[in-house]
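# Coordinate inspection notes
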Protein chains: 2
Amino acid sequence: MESNENSSSGLNPTTLSREPEDDEAIEAISRYEDFATVDWIQDANMERSRRHKLMNSLDSSWKSWLWLSYEAGQAWIVALLVGCTVGLNAALINIISEWLSDVKLGYCSTGWWLNQKFCCWEVENEIGSCDDWYDWSMRLNFPRDMLFINLVFYILFASLFAFVAAFLVKSYAPYAAGSGISEIKVILGGFVIKGFLGLWTLIIKSLGVAMVVASGISVGKEGPAVHIACCVGNVISRNFSKFKDNKARKREILSAASAAGVAVAFGSPIGGVLFSLEEISTFFPLKTLWRTFFCALVATVTLQAINPFRTGKLVIFEVTYNRDWQFFEIFSFIFLGVFGGLYGAFLTKMNLIVATYRRKYLRDYGVQEATFLAFITAVIGYFNIFLRIDMSEMMSILFKECEEGDYYGLCKRPQTASVMNLLFWATVLRIGLCIISYGAKVPCGIFVPSMAIGACFGRFVGMGVQALHHNYPSWPIFSTCPTDVPCITPGTYSFLGAAAALCGVTKMTVSLVVIMFELTGALNYILPTMITVMVTKAVGDLFMTGGIADQMIKLNGFPFLDKEDHLFGISVSQVMVRDQTVFTSTGMRLENIEQILDECGYSGFPVVEDRKNMKLTGFISRSELKYAIDKAKRTRAISPSAYCFFSTEDQNTPTVEGNSSSFIDFGPWIDQTPFTVHPKLPLETAMDLFKKMGPRAILVELNGKLIGLLTKKDVLRAVHSKPVKDPLLPSRPEFHRGMSGDSNSGHYFSDSEVELDTLVRR
Amino acid sequence: MESNENSSSGLNPTTLSREPEDDEAIEAISRYEDFATVDWIQDANMERSRRHKLMNSLDSSWKSWLWLSYEAGQAWIVALLVGCTVGLNAALINIISEWLSDVKLGYCSTGWWLNQKFCCWEVENEIGSCDDWYDWSMRLNFPRDMLFINLVFYILFASLFAFVAAFLVKSYAPYAAGSGISEIKVILGGFVIKGFLGLWTLIIKSLGVAMVVASGISVGKEGPAVHIACCVGNVISRNFSKFKDNKARKREILSAASAAGVAVAFGSPIGGVLFSLEEISTFFPLKTLWRTFFCALVATVTLQAINPFRTGKLVIFEVTYNRDWQFFEIFSFIFLGVFGGLYGAFLTKMNLIVATYRRKYLRDYGVQEATFLAFITAVIGYFNIFLRIDMSEMMSILFKECEEGDYYGLCKRPQTASVMNLLFWATVLRIGLCIISYGAKVPCGIFVPSMAIGACFGRFVGMGVQALHHNYPSWPIFSTCPTDVPCITPGTYSFLGAAAALCGVTKMTVSLVVIMFELTGALNYILPTMITVMVTKAVGDLFMTGGIADQMIKLNGFPFLDKEDHLFGISVSQVMVRDQTVFTSTGMRLENIEQILDECGYSGFPVVEDRKNMKLTGFISRSELKYAIDKAKRTRAISPSAYCFFSTEDQNTPTVEGNSSSFIDFGPWIDQTPFTVHPKLPLETAMDLFKKMGPRAILVELNGKLIGLLTKKDVLRAVHSKPVKDPLLPSRPEFHRGMSGDSNSGHYFSDSEVELDTLVRR
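Below is a summary of the structure that appears in this document. (Residues numbered from 1 in each chain as written. Chains lettered and ligands numbered in written order. Predicted model: local features only at pLDDT ≥ 70, side-chain atom pairs only at ≥ 80, totals over all residues. Heavy atoms only, no water.)

Further remarks concern the sheet that holds strand 7 (residues 643-645) of chain B. All names here are of chain B. Pairing is mixed across the open sheet formed by three strands, whose spatial order is 4-7-8. Here the strands that pair on one side only, and so sit at the sheet edges, are strand 4 (588-589) and strand 8 (663-665). Pairing between strand 7 and strand 8: three bridges, direction parallel. Within strand 8, the position partnered with F645 by the bridge is D665. (Pairing = 2+ DSSP bridges. Helix = DSSP H or I, 4+ residues; strand = E, 2+ residues; numbered from the N terminus.)

This next bit is on the sheet that holds strand 5 (residues 604-608) of chain B. Adjacent strands of a sheet form backbone hydrogen bonds with each other and so pair up, either parallel or antiparallel. Residue and element names in this part refer to chain B. The sheet built from three strands is open, its strands ordered 3-5-6 with mixed pairing. Strands at the two margins of the open sheet, each flanked by one partner only, are strand 3 (583-584) and strand 6 (616-621). Against the sheet, helix 27 (residues 622-635) touches strand 3, strand 5 and strand 6, its axis set at about 80° to strand 6. (Contact = heavy atoms within 4.5 Å. Axes fitted to C-alpha atoms, helices over the stretch in contact; angles between N-to-C directions.)

All names here are of chain A. Under the defined criterion, the tally for this structure stands at four disulfides over all chains. Note that C108 is cross-linked by a disulfide to C119, the S-S spacing being 2.0 Å. Taking the sign of the S-S torsion, about 85° here, the bridge from C108 to C119 comes out right-handed. Within this pair, whereas C108 is found in strand 1 (residues 106-108), its partner C119 is found in helix 5 (residues 116-119), the two being separated by 11 residues in sequence. (Disulfide = S-S within 2.5 Å.)

What follows concerns the packing of aromatic side chains. Two numbers describe a pair of aromatic rings. These are the distance of the centres and the angle of the planes. Applying the stated criterion across every chain, the model contains 55 aromatic pairs over all chains. Both rings, one in A:Y175 and one in A:F196, keep their centres 5.2 Å apart while their planes meet at 65°; by these two values the pair is edge-to-face. Of this pair, A:Y175 sits in the loop between helix 7 (147-172) and helix 8 (181-188) while A:F196 is found in the loop between helix 8 and helix 9 (199-215), placing the two residues 21 residues apart along the sequence. A relative accessible area of 2% places A:F196 in the buried class. Seen in terms of ring centroids, A:F339 and A:Y343 are 6.0 Å apart; in terms of plane orientation they differ by 20°. Their pairing is stacked. Note that A:F339 and A:Y343 are positioned in helix 15 (residues 330-361) at a spacing of four residues, about one turn of the helix. Note on accessibility: A:F339 and A:Y343 belong to one class, buried. An aromatic cluster is present here, built from A:F335, A:F339, A:Y343, A:F424, A:W425, A:F457 and A:F460 joined pairwise through their rings. Of note, B:R291 hangs over the ring of B:W76, and the distance from its end group to the ring centre comes to 5.7 Å. (Phe/Tyr/Trp six-rings, centres within 6.5 Å; stacked < 30°, edge-to-face > 60°. Buried < 20%, exposed > 50% of the residue type's maximum accessible area, 1.4 Å probe, protein only. Lys NZ or Arg CZ within 6 Å of the ring centre and 35° of its normal.)

Below, the discussion takes up the packing of helix 10 (residues 222-237) of chain A against helix 12 (residues 247-266) of chain A. Residue and element names in this part refer to chain A. With their axes 7 Å apart at the nearest point, helix 10 and helix 12 run at an angle of 140° to one another. The angle between helix 10 and helix 12 places the two elements in the oblique class. In this structure, helix 10 meets helix 12 at a crossing whose hand is right-handed. For the pair helix 10 and helix 12, contact is made by E222, A225, V226, A229, C230, G233, N234 and S237 and by K250, I253, L254, A257, S258, G261, V262, A265 and F266, respectively. For the contact of helix 10 with helix 12, the residue count by class is 10 nonpolar, five polar and two charged. (Parallel < 35°, antiparallel > 145°, perpendicular 65-115°, else oblique. Left-handed = near helix turned anticlockwise from the far one by under 90°. Nonpolar A, V, L, I, M, F, W, Y, C, P; charged D, E, K, R; others polar.)

End to end, helix 21 (residues 490-506) of chain A covers 24 Å across 17 residues, agreeing with the expected 24 Å (1.5 Å per residue, within 8%). Within helix 21 of chain A, 17 of the 17 residues are buried, leaving the element largely enclosed by the surrounding structure. (Expected span 1.5 Å × (residues − 1).)

So this is what it looks like as structure tokens:
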């Protein structure tokens, strides 16, 4: 092959050759506007050139060495700080929510700030109370058995907590509502939502989640814990130069933080890492894995050191089993798995219906709704012990083997029928409460409520099997039962039921098994858990793919390309945008460009040599162009009719002398190496490029001519609206809408109103 | 933007428009030659078009439905079969190696096929023997205390086993030597090594590993277990249409199989999944995760059901701790971590030196070497109990708490000094033996020997700390010790030492912690394990990045682009090949093409419109071109001077009428959408493309003109030979070597001789 005359040997990579007038400037640009998508490739290049520059600026003095060490260790320092803070924050939330929970029941005469456990520390009687602890009827000098008064106080406090939480959320941090998992997923996938991970969200969500849990609404604090941890990650990392302006790098910290969040919520550091890997993160290089591991470790150690429950345990419902399972129990495990799958599908479908309804009619009544939910939950729950007590506490009771003591008649043979009845109704009612509660305008997670439902149902099944075994011990199926120890352990059924329900809702697999494993440490029960989870996932996938978070993403119309999104058999040319606005390298005037910037919301523009030949010379992003214009206007008297150039080294642009007022050269701001593909490329491959490499836009070039442009949003639009079947037909008009502006994205999937509509309409 | 006249709307993706004359043909092509690299993108496209075609060919009859279900379930069926077979095979290996181990000591008079344990089942005396079990001196009617005779038999049998194993490997399956982990990594990264995963390798490696373990050489069976599992995966999956011709899809099964291998080796299903994810696999989509999870589950259940040790335990050294750790012990954990890091670095460096020496001088003496190793190990080991007994058994003893019984004086206070002395020498000697043994021409792994070394050293440290505590209980550091139970548990130190040593050698983190956790089920010891592992990794990384498998990959010069390989600050144009052989769309004759094919070993060729304008029209792979030529020759009398065309739809190639003997059109075989990039693209981004997308070659195009070509091998060459610093200098001559032919790859990194030289020289 002859050497090509056009290719000067040894060209620099763009980022190195690009030297804008002032170096700090490039970092000062707010490179991403709200609701924009991150360009991972550009961010990676930026980081590389930053590091390269740093390396070159250093000599061999000890100061340089120190600076270099700091530079290298920054990510670890941030991970350490984030881990500590997440652990600390989790401990605080635990302590506050425990105290508030007890305030519903009474107060401590030796100190109002003590909860029942600490009030009665080492002097408690069999129901955990003591003389220093007054319930409200006693406090008001009613006779001690005036339970009605206690009920009223219970309901009042519950409603009050929910009211305050919802009010705080509404007034100070609307983003603190909900679980936040789906948004975190989208953010880690490269979407920018300003304020979602801010300090105010952190504070209000931490406070709010403690109150909501204390109010007894059927929602958990584990989902919000992930959001809170990510807030911590964001708030801390933005003080460090490495992460401040690099959205892609910052997402590594967020991955680590989300793992720490799960680690403290479930006392499961490895489970947290896997959760981040399996559920949350889009990009997860090996380096991130180690940092995530470290961050989760630090968070857990911190929580362990604070020891908020004073039991040495990390979570209330930690449990240990010693007994073994029998092979015939596999049928029960499969049954529980089927239940989990059906439950997950049902809950998700119903909850989405409620979400749509809430959006339509309850938009402005978030506070009232939350208060009402707390009220109704307290009223209903009062008549069923398994609904009344705290979900974590209930699980710790249901998970237990009978040898460890009897609670609420769970282990008394004569009461079996009545307890099973209670458990059944607790399952049904809690499902109903969950459906209406999850998604309310307060911090709320779905993990623990799901587990609680599964635990009730599992214990119900376990007690049923136990009763069968007791009544018909001679059935051949029970022949493998040992004679010296009880054959059926209903506690393990409860445990597996919890795993199944959680899997049904979230569709986690590996991380879920590890979390359940870290909760029990029961080596013997890994295989049953795996079997149950596999069955749940298989059954659940018959109804819908992806967990409730993925469904929420679709409902909200976030620009998130799921790992499992596919669109086979069509080519890039069928989906790409053809009428894209382009700039020409020469011949444009400042007023043209400003007009285009005003009229089009697009986040970037291809630059071509001229509109006739459409020879692609680069790509310029909106924010950098805007910055360059502002800077030119600020530093010299530029006229609106000034000529604009987008010069690259290879071109023969007219030489521009000095800071003339009649020329601007945007050359240094151009990305000269955008991704280009052939129009016949299968769309699947382009989707893989988006998923794995993360460019903001892919340009479509045929023989050196720009013929189209493809963004993640174009792909999503094609994925979610059934594509044209016949590839010979012209592509449908909606595929020509142009690179949709980041500012008016959103409505790809439905015409129903959109959840975070501040997000899409601003 | 004006609509471009060249872009016909609705172009098909290549794979759909491409319709070679006979459909089976495209599947019949041996698409990858030995030592070629897999083109992941092409394979993915192939699978898509296969599925697309299948879908279109089906109607709504129940037959179609059945076929579709089978099609969808194939991967799961394969995973099930692979899991079962891996579990079964692991059980067999365990049983055989246990029996052979005992044959060294004596034989069972009630049946020669029984090992000592089963011979003495329920009648064993305190040392595990019984009257039915004869040691060799007894068998030969020597007096029972003629220990010398037993020693001679012990050594003879050990040498014999090693000899047979090495002989089998040398004669029938040379690829069965070594651990195989580094090759598996490379294969999963997209390299083709024919026969490496064949049936013969499977059989010989399974037999061989049982013998080698029985021979007592300081090598383990856990590394080979991964290789064996992958062989099983390959042998089974090649009977299924979905995997037979699709190397990329087959690698998904191999990922799952490798997880199953670890799962059965350590009795750790989740650990296996994570090992596959963290250590082995290059591509690990979510679907693979679930299949891997399933496969590991099935393998573990199978092994559990067979229960080879009749203990209900999956591995010999399973252990359980009940006691808690003290905060001051963190210093000990850190100390063990530092040891692990130093050990790993030392062992790896020394072993690489031995490997180089072995390659130079011992190339043809593999059998003798293995026999000698067994001999020397047996002789040295005879004088130290911790070297003499089986490594797994030793670990099970060292890991134990003292309450569970006393072994070899480990728990007797007066013997502390002498036992510590033994442990210390066991550590030192075993390190030496490991260094010379790992890499011998027999199946051999480094996992368990490393753990054994760490376990000895850990117990040594633990006993030291215990003695300190005993002698100076009033030291303030011991103030947190509880008074009722022993404060220091040396067994846990041993356990953590094993974790540290294993981490030092392999640099696994998350998967290692999970494996150790699944071995013990000790919730309390997750945090200590994590701390130790983090320290080990930090210390080890000071000396080298990557574990011993990665070092082996580098030493062997495999074309493997590690996730952690980086090359900052240079552009694609500096590394790309400029003088690439190209074909022109028109004007070439068959004889030209055949000559080029003969002369150049390149695995693919760009096709351009003509050599003047170098307008890129596509890329054709060597194997497909060869197939097309052969087919043309077979079906019609083609003349050597026949004109060859590489037509694409967009071009105006001369119309070729029928099966004329004077024309061949290779159009259908062209990949019309190869990846193209700009010459200024940072090389890092191109490396990311290789790592994440896996194309075989990236073409470099400037304004529609082909100016160069980049393969993984060019990148590797650049990574491992310090690149030119000044980007303005012309690139170095060795960068111009052309797309190196797959058949003579290898020597990028050193001029030293290469391990598998059959592999590189054939």
